[in-house]
Amino acid sequence: MGLSVEDTRALLIAVADSVVAAKDMLTEADSAIGDGDHGIGMAVGFEAAKKEIEGKDFADVGAVWKAAGMGIMKTSGGACGAVFSTLFRSAGKSLGAADTLETPALAAALAEAVDAIKARGGANLGDKTMLDALAPAADALAAQGDAPLPAALAAAAAAAEAGVEATKQMVAKTGKARPLGERSLGHADPGAVSTAVIFRAMRDHLAGQG
Amino acid sequence: MYAPKKIVNDPRNVVDELLEGMTLAGDGRLKQISGGRGIIRTDLPPDRVAVLIGGGSGHEPVFHGFVGPGMGDGAACGNIFAAPAPNIVFDVAQAIHRGRGVLFVYGNYAGDIMNFDMAAELCEEDGIAVQTVRVWDDITSAPPSEMDKRRGIAGDLLVIKVAGAAARTFGTLEEVAAATARGRDAIRSIGVAVRAGSIPETGHPTFDLGDDEIEIGMGAHGEPGVERTKLMPADPLVDNMMERLFADLPLAKGDKVCLVLNDLGSTTMMELYIVNRRVRQILDARGIEVYRTEAGRFVACQEMAGFSITLMKLDEELAGYLDQPADTLGYRRLG
């Protein structure tokens, strides 16, 4: 059961491709309540993430996630670079030297990523950030226990989508949308939208494999 | 909405091409490092606290245009409107560090804070001491009780000027940081947007504003302001903005200020001087002395039209920092 190091690499390449493909959609989402460059930063970062892991051998599952995070960290910049590189790097640290990726370990890794991102940016749940999609996805994954990854990630992707919807009812408390206050209501947080793209990509990549 | 017309090549290359051209304009006194995204002085004086500035590109001349004698020693440059990645900041810090630590000076935005903090951690692991002063002068972006949530706008110019002068004056990182923070705390700004700038790669404006509308307090990236209103003549607009500044920065008769009128990208000097005329009428009526006026483009947002008014309340020490010479592409002062 679980994904091998090589399968994990393929999974994250699929994630990177999906984020890059979502560039215009993400930029559109950001234009509503930010400065309209979120998709550009995400695409730059995830193109680099793909480059870091494509055609390379990794010793363990954690190293794949860390390498993807380094790619984002070195190129993306902006809030999205800091946050999404922290996601992949801290998850990679948590996954460590495992040679397969299993649902419980991924759930624990994403829970650690939630804490690391909170510490990095000072945001909390309900502040209308990507955490409002990531935390429910991590929780949904944890609730799946030992379930196979394809089914567990389907649940996580659904939770992330629900999280994106929930951000529409939130008033931004951090980032460039914060001064909007009540005017940010009705719009989804672009970072949360990106997070949902990532989980959807993992779900779709594994669909039919479980 | 008008269609943006920019003189660029492939829009994906604007940052690289801009930084290459800007470095060449330094006539040998600037050089690029860190894949081109860091710009540092080639004539760094030895044995000084280093001043590292930086932020998103597209706001020229800030930040990279303020690298040179009397201001920044090096700049970390991000993508358009996006904070620089931590490794760029770290590379610049290593290159300009001369054994006395590095002061980070940048605008108070979530992305910048996270990336510069990550860079500060890398510096710490490398044995380089870092202190940080974030610029937060925009009074419309948070109430006085939450000063540290305010955005940095045209105040960047003066905070960087103070940092550069302080680095020339003091020997320790702590002293340079303290002087720079004192300068920062004396500065307040307010802006007004008349028309949006656009992001080169998408061609899209950063916000929508009706042809006959203006927005007071709108941020340099189109963050919403405090009041959207119909376009009005310069004098009542300046009256409105100055009232808000006075409410935030108490100034008494006899106080001295530095006044900065900043063009956000495509407001003309003609307009800035018309604004200046009214600002001076108001300050004169209150008995406030203008020690120094800076009018021009310092912190822009592509072709955004609009301007900001910045007041810095001066004492002798702060005035002394402003008096010191500076020689950068974006700001020059004779000693």
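In this text, all values refer to a predicted model and were calculated from it rather than measured experimentally.

**Focus on the overall build of chain B**
Part 1 of the argument: Helix and strand counts for chain B come out as eight helices and 14 strands.
Part 2 of the argument: The C-alpha atoms of chain B give 19 Å as radius of gyration, which agrees with the globular expectation for 335 residues (20 Å, within 12%).
Part 3 of the argument: With the C-alpha coordinates aligned to their principal axes, the bounding extent of chain B is approximately 55 × 50 × 35 Å.
Part 4 of the argument: Taking the contacts inside chain B whose residues are at least 6 apart along the sequence as the reference set, 71% of them involve residues at least 24 apart.
Part 5 of the argument: As displayed, chain B offers around 12,300 Å² of accessible surface, 51% of which is attributable to carbon and sulfur atoms.

**Notes on the overall build of chain A**
Part 1 of the argument: Along chain A, the regular secondary structure elements total nine helices and two strands.
Part 2 of the argument: Ordering the α and β elements of chain A from the N terminus gives β-α-α-α-α-α-β-α-α-α-α.
Part 3 of the argument: Relative to a compact globule of 210 residues, whose C-alpha radius of gyration would be 17 Å, chain A shows 16 Å and is just as compact.
Part 4 of the argument: Overall, the C-alpha framework of chain A stretches about 45 × 35 × 30 Å when taken along its three principal axes.
Part 5 of the argument: Here chain A holds 210 residues, and 57% of them are scored as buried.
Part 6 of the argument: Considering only residue pairs separated by 6 or more positions, chain A has 68% of its internal contacts joining residues 24 or more positions apart.

**Observations regarding the environment of B:A95**
All names here are of chain B.
Part 1 of the argument: Relative to the helices and strands, A95 is located in helix α2 (residues 86-96).
Part 2 of the argument: With relative accessibility at 33%, the residue A95 sits in the partly exposed group.
Part 3 of the argument: Along the sequence, A95 and G38 sit 57 residues apart, while their C-alpha atoms lie 9.5 Å from each other.
Part 4 of the argument: Excluding anything up to four places from it in sequence, A95 contacts I33, I40 and L44.

**Quick word on the packing of helix α5 (residues 78-95) of chain A against helix α6 (residues 103-121) of chain A**
Residues and elements named next belong to chain A.
Part 1 of the argument: Their axes nearest at 8 Å, the elements α5 and α6 cross at an angle of 135°. Classified by the angle their axes make, α5 and α6 are oblique. As α5 runs across α6, the sense of the crossing is right-handed. Only A105, L106, A108, A109, L110, E112, A113, A116, I117 and R120 of α6 make contact with α5, whose side of the interface consists of V83, T86, L87, S90, A91, S94 and L95.
Part 2 of the argument: Looking at side-chain class alone, the contact of α5 with α6 contains 12 nonpolar, three polar and two charged residues.

**Side note on the sheet that holds strand β4 (residues 74-80) of chain B**
Residue and element names in this part refer to chain B.
Part 1 of the argument: Strands sit in the order β1-β2-β4-β3-β5-β6 across an open sheet of six strands; the sheet is mixed. Two strands close off the open sheet at either side, each with one partner strand: β1 (30-33) and β6 (130-135). Shown here is a sheet whose adjacent strand axes are inclined to one another by a mean of 25°, direction ignored.
Part 2 of the argument: By the bridge criterion, five bridges tie strand β3 (residues 50-57) to strand β5 (residues 102-107) in an arrangement that is parallel. If you follow A50 over to β5, its bridge partner there is V102.
Part 3 of the argument: Its contacts with the sheet put helix α3 (residues 110-125) on β3, β5 and β6, and the angle it makes with β5 is roughly 170°.

**A few points about the confidence of the model for chain A**
Part 1 of the argument: Per-chain confidence: chain A averages 94 in pLDDT, with 99% of residues scoring 70 or above.
Part 2 of the argument: For chain A, the element scoring lowest by mean pLDDT is helix α2 (residues 23-33) of chain A, at 88; helix α7 (residues 131-143) of chain A scores highest, at 98.

**Overview of the interface of chain B and chain A**
Part 1 of the argument: On the chain A side, the residues contacting the 33 residues of chain B number 30 residues.
Part 2 of the argument: Counting the surface lost from both chain B and chain A, the interface buries some 2,300 Å², and carbon and sulfur atoms represent 56% of this.
Part 3 of the argument: Summed over the three residues of chain B that lose the most area to chain A, namely B:M114, B:M118 and B:P224, the buried surface amounts to 25% of that side.
Part 4 of the argument: Across the chain B-chain A interface, the total number found is two salt bridges.

**Here we look at the domain arrangement of chain B**
All names here are of chain B.
Part 1 of the argument: Splitting chain B by domain gives domain 1 (11-185) and domain 2 (187-325).
Part 2 of the argument: Computed from C-alpha coordinates alone, the two centres of domain 1 and domain 2 are separated by 22 Å.
Part 3 of the argument: Contact with domain 1, which involves 41 residues of that partner, is made by 38 residues of domain 2.
Part 4 of the argument: Taken together, the two surfaces of domain 1 and domain 2 that pack against each other cover about 3,300 Å², and 62% of this comes from carbon and sulfur.

**Remarks on the pairing of strand β2 (residues 38-41) of chain B**
All names here are of chain B.
Part 1 of the argument: The two faces of β2 match: G38 and I40 on one face and I39 and R41 on the other face are all buried.
Part 2 of the argument: From the end of β1 to the start of β2, which pair antiparallel, there are four residues, and S34 there has a positive phi angle of about 50°.
Part 3 of the argument: Both β2 and β4 contribute to a ladder of three bridges, which runs antiparallel. Each residue of the ladder has a partner; that of I39, found in β4, is A75.

**What to know about the pairing of strand β10 (residues 256-263) of chain B**
Residue and element names in this part refer to chain B.
Part 1 of the argument: Most of β10 is tucked away: seven of the eight residues are buried.
Part 2 of the argument: Taken together, the eight bridges between β10 and strand β12 (residues 305-314) define a ladder with antiparallel strand orientation. For V260, the partnering residue across the bridge sits in β12 and is T310.

**Regarding the pattern of salt bridges**
Residues and elements named next belong to chain B.
Part 1 of the argument: Under the defined criterion, the tally for this structure stands at 39 salt bridges over all chains.
Part 2 of the argument: Residues D327 and R29 are paired through a salt bridge, measuring 2.8 Å at the closest nitrogen-oxygen approach. With D327 in strand β13 (residues 326-327) and R29 in the loop between α1 (14-25) and β1, this residue pair connects regions lying 298 residues apart in the sequence.
Part 3 of the argument: Its relative accessible area of 35% is what places R29 among the partly exposed residues.
Part 4 of the argument: In this structure, R292 engages D323 in a salt bridge whose closest nitrogen and oxygen atoms are separated by 2.8 Å. Of this pair, R292 sits in strand β11 (residues 289-296) while D323 sits in helix α8 (residues 316-323); the two residues are 31 residues apart in sequence, bridging distant segments of the chain.
Part 5 of the argument: On the basis of relative accessibility, which here comes to 31%, the residue D323 falls in the partly exposed class.
Part 6 of the argument: When salt bridges that share partners are traced, they join R29, R41, D43, D73, R98, D327 and R332 into one network.

**Quick look at α6(A)**
All names here are of chain A.
Part 1 of the argument: Over its 19 residues, α6 extends 27 Å from the first C-alpha to the last, a length consistent with the 27 Å expected when each residue adds 1.5 Å.
Part 2 of the argument: Here α6 has its buried residues at T103, L106, A107, A109, L110, A113, V114, I117 and R120. An end-on view of α6 places all buried positions within 160° of arc, on one side of the element.

Basis of the calculations
- Residues numbered from 1 in each chain as written.
- Chains lettered and ligands numbered in written order.
- Predicted model: local features only at pLDDT ≥ 70, side-chain atom pairs only at ≥ 80, totals over all residues.
- Heavy atoms only, no water.
- Helix = DSSP H or I, 4+ residues; strand = E, 2+ residues; numbered from the N terminus.
- Rg over C-alpha atoms; globule rule 2.2 N^0.38 Å.
- Contact = heavy atoms within 4.5 Å.
- Areas by Shrake-Rupley, 256 points an atom, 1.4 Å probe, with all protein chains shown as cover.
- Buried < 20%, exposed > 50% of the residue type's maximum accessible area, 1.4 Å probe, protein only.
- Axes fitted to C-alpha atoms, helices over the stretch in contact; angles between N-to-C directions.
- Parallel < 35°, antiparallel > 145°, perpendicular 65-115°, else oblique.
- Left-handed = near helix turned anticlockwise from the far one by under 90°.
- Nonpolar A, V, L, I, M, F, W, Y, C, P; charged D, E, K, R; others polar.
- Pairing = 2+ DSSP bridges.
- pLDDT = per-residue confidence, 0-100.
- Buried area = accessible area lost by both parts, 1.4 Å probe.
- Salt bridge = Lys/Arg side-chain N within 4 Å of Asp/Glu carboxyl O.
- Domains from an automatic or database assignment.
- Expected span 1.5 Å × (residues − 1).
- Arc of directions from axis to C-beta.

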